[in-house]
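Observations on chain architecture
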Amino acid sequence: MSEGRLYLLAGPAVSLIVACVFFLVWLHHRERRYVPFFAVAFGAYAIAALSQLLQIPPGVGINTMVSALIYTFGIFCLVEGVMARYGKAGAAPVLVVVSVLILGLLSYFMFVERNLVARIYVQNFGYGLMFLFAAVQIFAASRRRTVDRILFWVFLLFGLHFFVRTVVTMSLSPELFALDRMRVNGAAPDAIGRLFTGSPFWQVLNFSLLVSGLLVALALLGAIAVDAMDDLKRQGGIDPLTGLANRRGFDERARELLADAARHPLSLVYCDIDRFKTINDTFGHATGDLVLATVGGLIARLAAPGDVAARRGGEEFVMLLPGTDLQDACGFAERMRSDLRATAFSMLPAGFVVTASFGVAKRRRGEDLADLLHRADELVYAAKRAGRDRILADAPGAAADAGALASPVGHGMA
């Protein structure tokens, strides 16, 4: 490569640096399994560009196909990484089909009907379609945060740029239409190479890919940073003993559900473990923690994906059930009550039964979270006064007092 063309190495060099950055990010955040896709994608672009610029392997035909294969693999990994971040299953087959079509057409226009212009359009339009596919998938994702909107626009504009740039620069590069004839007529390869690398198409291509690639990398790094901050926020809203939400985490999610009319009716189940202080004082805090963790596990097992369950504090648990009326909420509470009563605890004496009292309230029109919690909490205290190990609901005839027991069970501490 001549000294005048050394600037073309800027793109591969920057891509290798970006690939290393993504790799280092992944080393510190192994749980983000989509990040290695980005490292491989930028690394593949750097290798493909160097292969093309340095003519490794030599020969127009084999070099074209090898570099195209690596370019395509890199873009495949980039788009697949984005799909993995959004949990989009089933996208890979579409990308495989597009990739095979790109490579198949390139092979045809290289070895069957030699046509440089057709190869340029196939490769650029094909890659543009892959980026547009990613943009559509991002737009269809459930997230609507600022970083997701940025990713959508970056991928949309990057995808469109392949079409616009190719059409405009090819119209300014008439010499490219004659390169195949020059090869057939035995023109010197160096002369052909200088015409190609000196064309407006090639010059704009390298500059646009450098700038656009950096923008894509910055957008993806921003998305990773936002994901990390979201994880920290979620961890701050989780009770470490039970794995359920804590008070703050519950309140944040519950207010979102109350504001979403599509999730109504909403019902709240309030649970308080019976005589928990006696369990703690008699058998120790380790046993008390075991009871709390077991109750948390029962709730997590019974809760549906859209439910919000939390340890409200101490031995109190709350479950907000969207799309659930009062009767179904009482059914949920009864399943939990009976499962808890049937649970054996290894750190408690044989035959010891742990029970809980429940209050079930359906959200009333215009009622805020504090009032809903207060009503359910009052029902829990009423259930305690009525003998414990029972469910009380806030409306007559709605499965109220389900599973009530006339007297304590077990060792007198149930």
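The structure under discussion appears in the preceding block.
Residues numbered from 1 in each chain as written. Predicted model: local features only at pLDDT ≥ 70, side-chain atom pairs only at ≥ 80, totals over all residues. Heavy atoms only, no water.

Here we take up the sheet that holds strand β4 (residues 356-362). An order of β2-β3-β1-β4-β5 is seen for the 5 strands of this open sheet, with the pairing classed as mixed. Every interior strand has two partners, whereas the edge strands, β2 (308-313) and β5 (391-393), have only one. Across the sheet, the axes of successive neighbouring strands diverge by a mean angle of 20°, strand direction being ignored. Pairing geometry for β4 and β5, over 3 bridges, is parallel. Residue pairing across strands places F358 opposite I391, the latter belonging to β5. Most of the contacts of helix α13 (residues 326-341) go to β4, to which it runs at about 170°, and overall it touches β1 (266-273), β3 (316-322), β4 and β5. (Pairing = 2+ DSSP bridges. Helix = DSSP H or I, 4+ residues; strand = E, 2+ residues; numbered from the N terminus. Axes fitted to C-alpha atoms, helices over the stretch in contact; angles between N-to-C directions. Contact = heavy atoms within 4.5 Å.)

Bringing the pattern of salt bridges into the picture now. Counted according to the given criterion, the structure contains 17 salt bridges. Here D148 and R85 are joined by a salt bridge, their closest N and O atoms 3.0 Å apart. Placement of the pair is D148 in helix α6 (residues 146-171) and R85 in helix α3 (residues 60-85), with a sequence separation of 63 residues. Accessibility expressed as a relative area gives 3% for D148, which makes it buried. By relative accessible area, R85 is classed as buried at 6%. (Salt bridge = Lys/Arg side-chain N within 4 Å of Asp/Glu carboxyl O. Buried < 20%, exposed > 50% of the residue type's maximum accessible area, 1.4 Å probe, protein only.)

What follows is about the packing of helix α2 (residues 35-54) against α3. Relative to each other, α2 and α3 sit at 165°, their axes nearing to 8 Å. Classified by the interaxial angle, the pair formed by α2 and α3 is roughly antiparallel. In terms of crossing hand, the pair formed by α2 and α3 is left-handed. Considering only residue class, the contact of α2 with α3 consists of 18 nonpolar, 6 polar and 1 charged. (Parallel < 35°, antiparallel > 145°, perpendicular 65-115°, else oblique. Left-handed = near helix turned anticlockwise from the far one by under 90°. Nonpolar A, V, L, I, M, F, W, Y, C, P; charged D, E, K, R; others polar.)

What follows concerns the nonpolar core. Of all hydrophobic cores here, the largest spans 68 residues; its most connected members are F22, F42, L78, F155 and L220. At the level of elements, α1 (10-28), α2, α3, α4 (92-112), α5 (116-140), α6, α8 (189-197) and α9 (200-236) are the ones that each hand at least two residues to this core. For this core, the element with the highest residue contribution is α5, accounting for 13 residues. With 32 residues, the next largest nonpolar core counts C271, L298, I299 and M336 among its residues. (Core = buried A, V, L, I, M, F, W, Y, C linked by side-chain atoms within 4.5 Å.)

With that settled, consider the pairing of β2. Here β2 lies mainly inside the structure; 5 of its 6 residues are buried. Bridging between β2 and β3 involves 5 bridges; their strand directions are antiparallel. For A309, the partnering residue across the bridge sits in β3 and is M319. Between β2 and the antiparallel strand that follows it, β3, lie 2 residues; G314 among them carries a positive phi value of about 60°.

Among the structural elements, R363 can be located in the loop between β4 and α14 (369-385). Buried within the structure, R363 lacks any salt-bridge partner; its nearest side chain of opposite charge belongs to E367, at an N-O separation of 5.5 Å. Within the structure, R363 has its side chain in polar contact with the side chain of H264 (distance 3.2 Å). Looking at R363, its side chain comes within polar contact range of the main-chain oxygen of E367, at 2.7 Å. Sequence-distant contacts of R363, defined by excluding residues within four places in its chain, comprise L258, H264, L266, L372 and R375. (Lys, Arg positive; Asp, Glu negative; His and termini not counted. Polar contact = N/O pair within 3.5 Å; in protein donor to acceptor, adjacent residues only side chain to side chain.)

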